[in-house]
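Residue-level listing of the chains:
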Amino acid sequence: MNASLTTPSITEEAQKQPMKQKCEHHAECMKVIQAILDDEATEAEKDHFRENMDKCLPCIESYRLEKCIKDSLSFKIEKKPCPQSILTTIISKINS
Amino acid sequence: MLVAMSETITTNEYTDDLRYEVFNREFMPHIDSMYNFAFRLTMDEDDANDLVQDTYLKAFRFISSFEQGTNAKAWLFRILKNSFINDYRKKSKEPSKVDYQEVETTYNSEEASDTTYTVDLRADAVQELIGDEVANALNALPVDFRTVIILCDIEGFTYEEMAKILDIPIGTVRSRLHRARNLLKEKLKSYASSMGYDS
């Protein structure tokens, strides 16, 4: 959509305010960002996140970083299969 | 070791057949996750083998305190974690005295560190890291911090499940996880710098 073809509404104008380069409550924001990524955020935290996420550069970058680390832990780290010898020992011991 | 299950002791009646059936159906599917958890706690293959075996034998012995329909994986992880603390941590190759001190210091300064803490690390730099580098950064954390990250980010437990596994309040789960992630970022930053990913 080409924004220049439409007359921006007041709301759109408000949203065009310059993005924040510094977050004055970043520690609190970090807690919310982690709760969001862990799927543990409250409804109020989710609302706050949705309304403010695209307005603050440090928070956007933190979200990207936290998500990237979480995904790396989840998908990149090798998961080893349990050695067969352990299974065999457990089964033989509980059957004896 | 029964302390591990003190909250969940009930009077479930299990016939012999049912004991084996529940063991196979509810417990055995988690053995790979249990093995990986044990390995990441002990950092030693032999200890991990013993820890998994001990945990499963305890789980079988005390199966009547497991309530069917509840979260078997969390129940098993809790037994494993307690066995690790009681039986393995003392002989662990980690410098546990340093760990305790570091944990205590960081917990005490938790609020102060929260307000000022930032690590100069970019998502792009993390994306460049391979699995072994991420694993090494995780393994370099003191065990209590390593544990919360394993439970949350690798195994996908909820905060409530983690609180039960670790016998700590949910608020402590949140704050320990927050602190653990900050420490992990420092380790990842070192890796990224040494690889030249952050320049």
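Owing to the predicted nature of the structure, the values given are computational and were not obtained by experimental measurement.

Participant: Can you help me understand the overall build of chain B in this one?
Facilitator: Broken down by element type, chain B carries 11 helices and zero strands. Helices (α) and strands (β) of chain B occur, in sequence order from the N terminus, as α-α-α-α-α-α-α-α-α-α-α. Split into buried and exposed, the 199 residues of chain B put 35% on the buried side.

Participant: Looking at this structure, I do not really get the overall build of chain A. What am I missing?
Facilitator: Helix and strand counts for chain A stand at five helices and zero strands. For chain A, the succession of helices and strands along the chain, N to C, is α-α-α-α-α. Counting every position in chain A, which comprises 96 residues, the buried fraction comes to 19%. Taking contacts inside chain A between residues at least 6 apart in sequence as the whole, the part at least 24 apart equals 63%.

Participant: Would you take a moment to explain the domain arrangement of chain B for this structure?
Facilitator: Interface size is often expressed as the accessible area that is lost when the parts come together. Residue and element names in this part refer to chain B. In terms of domains, chain B is made up of domain 1 (2–88) and domain 2 (96–195). Each partner contributes to the interface: domain 1 provides 10 residues, whereas domain 2 provides 11 residues. Every element with two or more residues in the side of domain 1 that touches domain 2 is listed here: α2 (31–42) and α4 (72–88). Residues of the side of domain 1 that touches domain 2, tallied by class, amount to five nonpolar, two polar and three charged.

Participant: It is not clear to me how the confidence of the model for chain A should be interpreted in this structure. Could you clarify?
Facilitator: In regions of low pLDDT, the predicted coordinates are not meant to be interpreted in detail. Considering every residue of chain A, the mean pLDDT works out to 84; 82% of them sit at 70 or more. This model gives residues 1–8 of chain A a pLDDT under 50, and the stretch forms two contacts once residues within four places in sequence are excluded.

Participant: Got a minute to help me understand the interface of chain A and chain B in this structure?
Facilitator: Taken residue by residue, the interface counts 27 residues in chain A and 35 residues in chain B. Sorting the residues of the side of chain A that touches chain B by element identifies α2 (26–37), α4 (57–76) and α5 (84–95) of chain A as the ones contributing at least two each. With nine residues, α4(A) is the single largest residue contributor to the side of chain A that touches chain B. Looking at side-chain class alone, the side of chain A that touches chain B contains 13 nonpolar, four polar and 10 charged residues.

Participant: Help me understand the environment of Cys56(A), please; the structure alone is not making it clear to me.
Facilitator: All names here are of chain A. Note on placement: Cys56 falls in the loop between α3 (43–52) and α4. A count of 20 C-beta atoms within 10 Å places Cys56 in the buried class. Each C-alpha atom of the pair Cys56 and Lys31 lies 15 Å from the other, and the pair is 25 residues apart in sequence. The contact partners of Cys56, leaving out residues within four places of it in the chain, are Met19, Lys20 and Cys23.

Participant: Looking at this structure, how should I read the UniProt feature "domain: RNA polymerase sigma factor 70 region 4 type" (unreviewed entry) in chain B?
Facilitator: The UniProt record marks residues 133–182 of chain B with the feature "domain: RNA polymerase sigma factor 70 region 4 type" (unreviewed entry), using the residue numbering of this structure. Taken end to end, residues 133–182 of chain B has its terminal C-alpha atoms 17 Å apart, with 80% of it in helix and 0% in strand.

Participant: For this particular structure, what's the right way to read α2(A)?
Facilitator: For an α-helix the count is 3.6 residues per turn, leaving residues at separations of three or four pointing the same way. The terminal C-alpha atoms of α2(A) lie 16 Å apart, and with 12 residues this matches the ideal 16 Å at 1.5 Å per residue to within 8%. Every buried residue of α2(A) is accounted for by Cys29(A), Met30(A), Val32(A), Ile33(A) and Gln34(A). Contacts from the buried residues of α2(A) go to α3 and α4 of chain A together with α11 (170–195) of chain B. Just past α2(A), the residue Asp39(A) takes up positive phi, approximately 60 degrees.

Conventions adopted
Residues numbered from 1 in each chain as written. Chains lettered and ligands numbered in written order. Predicted model: local features only at pLDDT ≥ 70, side-chain atom pairs only at ≥ 80, totals over all residues. Helix = DSSP H or I, 4+ residues; strand = E, 2+ residues; numbered from the N terminus. Buried ≥ 20, exposed ≤ 12 C-beta atoms within 10 Å, placed from the backbone. Contact = placed C-beta atoms within 7 Å. Domains from an automatic or database assignment. Nonpolar A, V, L, I, M, F, W, Y, C, P; charged D, E, K, R; others polar. pLDDT = per-residue confidence, 0-100. UniProt positions renumbered as here; feature names shortened; annotations may be inferred. Expected span 1.5 Å × (residues − 1).

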